[in-house]
Amino acid sequence: MENNKFSILKNKVQEIIDLIANKQDSLANDRLIETSEMLDELLDFSEEDEDLVEISRYQVVLNQLHQKINTSGK
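Okay, so let's go over this structure. Here the structure is a predicted model, which means the values were calculated and not measured. (Residues numbered from 1 in each chain as written. Predicted model: local features only at pLDDT ≥ 70, side-chain atom pairs only at ≥ 80, totals over all residues. Heavy atoms only, no water.)

### A closer look at the overall build of the chain
Within the chain, the regular secondary structure consists of 3 helices and 0 strands. When its helices and strands are written in sequence order, the chain yields α-α-α. Taken over the C-alpha trace, the chain has a radius of gyration of 13 Å; the compact-globule value for 74 residues is 11 Å, and the two agree within 12%. By its C-alpha atoms, the chain is 40 × 20 × 15 Å across when sized along the principal axes. By residue count, 26% of the 74 residues in the chain fall in the buried class. For the chain, the share of sequence-separated contacts (at least 6 apart) that also reach a separation of at least 24 residues comes to 67%. When the accessible surface of the chain is totalled, it reaches about 5300 Å², and 47% of it is carbon and sulfur. Of the charged side chains in the chain, 8 are positive and 16 negative; the average position of the first set lies 11 Å away from that of the second. (Helix = DSSP H or I, 4+ residues; strand = E, 2+ residues; numbered from the N terminus. Rg over C-alpha atoms; globule rule 2.2 N^0.38 Å. Buried < 20%, exposed > 50% of the residue type's maximum accessible area, 1.4 Å probe, protein only. Contact = heavy atoms within 4.5 Å. Areas by Shrake-Rupley, 256 points an atom, 1.4 Å probe, with all protein chains shown as cover. Lys, Arg positive; Asp, Glu negative; His and termini not counted. Charge placed at Lys NZ, Arg CZ, Asp CG, Glu CD.)

Here is the structure:
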């Protein structure tokens, strides 16, 4: 089941990247917030070290995307 969650996260991150590429920063930011909330929820219920490592990778990617969204609008 965890792999399914990470698969969903991967798809959501790709959607954010696509929105940024299409200059839809507002929508990308909305999706980023939704994905961050999903990631936080996953973090709250994860106990396996392997899952925590994967979650931290997504946190880094989302932070980088957040920076990209905020700098591309300027």
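### Details of unusual backbone geometry
At K23, a position not held by glycine, the phi torsion is positive, near 60 degrees. Relative to the elements of secondary structure, K23 occurs in the loop between α1 (2–21) and α2 (25–45).

### Overview of the packing of aromatic side chains
A complete count under the given rule lists 1 aromatic pair for this structure. Both rings, one in F6 and one in Y58, keep their centres 6.2 Å apart while their planes meet at 5 degrees; by these two values the pair is stacked. You can see F6 sitting in helix α1 and its partner Y58 sitting in helix α3 (residues 49–72), a full 52 residues away along the chain. For F6, a relative accessible area of 8% corresponds to the buried category. Y58 gets classed as buried once you look at its relative accessible area, which sits at 12%. (Phe/Tyr/Trp six-rings, centres within 6.5 Å; stacked < 30°, edge-to-face > 60°.)

### As for the nonpolar core
As a rule of thumb, nonpolar side chains are buried together in soluble globular proteins. Ranked by internal contacts, the top residues of the largest apolar core, which has 15 residues, are I16, L62 and L65. Top contributing element to this core by residue count: α1, with 6 residues. Contacts of I16, omitting those with residues within four sequence positions, involve A28, R31, L32, T35, L62, L65 and I69. (Core = buried A, V, L, I, M, F, W, Y, C linked by side-chain atoms within 4.5 Å.)

### So, the pattern of salt bridges
A full pass over the atoms with the stated rule returns 2 salt bridges. Among the ionic pairs, E54 bridges to R57, the shortest N-O distance being 3.0 Å. Taken together, the residues E54 and R57, both in helix α3 and 3 residues apart, mark about one turn of the helix. On the basis of relative accessibility, which here comes to 23%, the residue E54 falls in the partly exposed class. (Salt bridge = Lys/Arg side-chain N within 4 Å of Asp/Glu carboxyl O.)

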